[in-house]
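Residue strings, one per chain:
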Amino acid sequence: MKHIQIKGLDKPVSKLVMGSDFFRLDNPHEVSEILHHYLAIGGNTIDTAHIYCGGQSEQAIGIWLNETGKREEMVLFTKGAHHDNNGPRVNPEAIRQDLMTSLDRMRTDYIDLYGLHRDDPATPVGVIVEALNEHLEAGRIRAFGGSNWTHQRLQEANEYAAQHGLVGFSFSSPNLSLAKPNEPFWAGCVSADAEALRWYEEQQFPLLSWSSQARGFFTGRFSPEIRDNADLVRVFYSDENWTRLQRAQQLAQEKGVSAIQIALAYVLSQPFPACALIGPRSEAEMVSCRDGAELVLSAQELAWLDLTGAAV
């Protein structure tokens, strides 16, 4: 398994990050089995969030860490300050409240990677950066970043940090996949577009992509005629994405792999540090992710898949 380095963290971060939005207190055997398979392919980073499964995801991870004694081996990536029914919660009070709860649930005294699950452009970045630096100095977090933050806001936050002698954002976790969304999957979500990707490359800024395989769009289970998944139709059904799927299938045949492995390799072969959040539910799916992560696509192949370059 290949890894990336994230500023502020003394552990490497595996290119495949295990998603846990289905970890619950009533499926401990499945949680343990999946994490066993994940460790077997060389992974070391678990993605979770304060809101996942109503908090049960973090609790289940905490139980597993306690039972296995693997806390220091693992990189914990959790997120807080998600909006609620009353609106945005990206403020010092909500950040503190969610972070302290996450620490308690996962039975640890620090989080390796702490992400703000949403942004609130109405809140000045300085207030946010200062609040996160307090938790950094207290040792509760090792590095922080944004999930669903635009690259413009990340830039603004890091300029503020530099001007005030503070630590800035070290990573970002937007959506990035070969299939380009027609609209956000959920309100307030951010996908990395062409302009953003240029920024990530220029800054060499680490990106941890969610829905990196476009929620199964490249599995072969979908076609323009199959419209039973309303969310997938709404977000990913477009002429351009069907062409991307066809090209992924063609390149997969040439390389002797699957189209979904090509889609995974597309994310991991970007010209900047990139990781993919994955959600395999079986050993076979885990191995497929491992093999896809070992593929390296050229810049020409990336451009052709993305409909921006000629055939290789």
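What you are looking at is a predicted structure, and each value in this text was computed from that prediction instead of being measured.

(A) A look at the side chain of Asp119. Relative to the helices and strands, Asp119 is located in the loop between strand S6 (111-116) and helix H4 (125-137). The class for Asp119 is buried, based on a relative accessible area of 17%. At a separation of 2.7 Å, a polar atom in the side chain of Asp119 contacts the side chain of Arg153.

(B) Representation of the pattern of salt bridges within the structure. For the coordinates displayed, the defined rule picks out 16 salt bridges. Close ionic contact of Lys79 with Asp47 constitutes a salt bridge, the shortest N to O distance being 2.4 Å. With Lys79 in strand S5 (residues 75-80) and Asp47 in strand S4 (residues 45-47), this residue pair connects regions lying 32 residues apart in the sequence. Residue Arg89 is joined to Asp98 by a salt bridge in which the shortest nitrogen-to-oxygen separation is 2.9 Å. On the basis of relative accessibility, which here comes to 14%, the residue Arg89 falls in the buried class. For Asp98, a relative accessible area of 2% gives the class buried.

(C) Structural context of the packing of helix H3 (residues 92-105) against H4. Closest axis-to-axis distance for the H3/H4 pair is 9 Å, and the angle between their directions is 30°. Classified by the angle between their axes, H3 and H4 sit roughly parallel to one another. Seen along the crossing, H3 lies across H4 with a hand that is right-handed. Here Pro92, Ile95, Arg96 and Leu99 of H3 come into contact with H4, specifically with Val127, Ile128, Ala131, Leu132 and His135. A per-class count over the contact of H3 with H4 returns seven nonpolar, one polar and one charged.

(D) Expanded view of the state of the cysteines. By the definition in use, this model includes zero disulfides. We note that Cys53 lacks a disulfide partner, and the nearest cysteine sulfur, in Cys189, lies 16 Å from it. The class for Cys53 is partly exposed, based on a relative accessible area of 27%.

(E) Quick look at empty space enclosed by the protein. Summed over the entire model, instances satisfying the criterion amount to one cavity of 30 Å³ or more. There is about 50 Å³ of room inside the largest cavity. In the lining of the largest cavity, the residues fall into seven nonpolar, three polar and one charged.

(F) View of the side chain of Arg71. Structurally, Arg71 can be placed in the loop between helix H2 (56-68) and S5. Filtering out sequence-adjacent residues up to four positions away, Arg71 remains in contact with Lys11, Leu65, Leu76, Thr108, Tyr110, Ile111 and Asp112.

(G) Fine view of the packing of aromatic side chains. Applying the stated criterion to the full structure yields 15 aromatic pairs. Geometrically, the ring pair formed by Phe217 and Tyr237 is edge-to-face, given 6.5 Å between the ring centres and 70° between the ring planes. A residue pair is termed long-range when its members are at least 10 positions apart, and Phe217 in the loop between strand S9 (207-209) and helix H7 (230-236) and Tyr237 in the loop between H7 and helix H8 (239-255) qualify at 20 residues. Grouping residues by exposure puts Phe217 and Tyr237 together as buried. Site record: aromatic cluster; members linked through ring pairs are Phe217, Phe218, Phe236, Tyr237 and Trp242. Directly above the aromatic system of Phe185 lies the positively charged group of Arg234, at a separation of 5.7 Å from the ring centroid. The aromatic ring of Phe22 is capped on one face by Arg281, whose charged end is 3.9 Å from the ring centroid.

(H) Representation of the nonpolar core in the model. With 84 residues, the main nonpolar core has Leu16, Leu116, Phe169, Phe217 and Phe218 as its most contacted residues. Here the element with the most residues in this core is helix H9 (residues 259-268); it accounts for nine residues. Sequence-distant contacts of Phe169, defined by excluding residues within four places in its chain, comprise Leu116, Ile128, Val129, Leu132, Phe144, Gly145, Gly146, Trp149, Leu154, Ala157, Asn158 and Phe205. Within the second largest apolar cluster, 15 residues are counted, among which are Ile4, Leu9, Val75 and Cys275.

What counts and how
- Residues numbered from 1 in each chain as written.
- Predicted model: local features only at pLDDT ≥ 70, side-chain atom pairs only at ≥ 80, totals over all residues.
- Heavy atoms only, no water.
- Helix = DSSP H or I, 4+ residues; strand = E, 2+ residues; numbered from the N terminus.
- Buried < 20%, exposed > 50% of the residue type's maximum accessible area, 1.4 Å probe, protein only.
- Polar contact = N/O pair within 3.5 Å; in protein donor to acceptor, adjacent residues only side chain to side chain.
- Salt bridge = Lys/Arg side-chain N within 4 Å of Asp/Glu carboxyl O.
- Axes fitted to C-alpha atoms, helices over the stretch in contact; angles between N-to-C directions.
- Parallel < 35°, antiparallel > 145°, perpendicular 65-115°, else oblique.
- Left-handed = near helix turned anticlockwise from the far one by under 90°.
- Contact = heavy atoms within 4.5 Å.
- Nonpolar A, V, L, I, M, F, W, Y, C, P; charged D, E, K, R; others polar.
- Disulfide = S-S within 2.5 Å.
- 1 Å grid on protein atoms, 1.4 Å probe; cavity = no way out; pocket = protein on both sides within 12 Å on 5 of 7 lines; lining within 4 Å.
- Points joined across faces, edges and corners; volume = space filled by probe spheres on them.
- Phe/Tyr/Trp six-rings, centres within 6.5 Å; stacked < 30°, edge-to-face > 60°.
- Lys NZ or Arg CZ within 6 Å of the ring centre and 35° of its normal.
- Core = buried A, V, L, I, M, F, W, Y, C linked by side-chain atoms within 4.5 Å.

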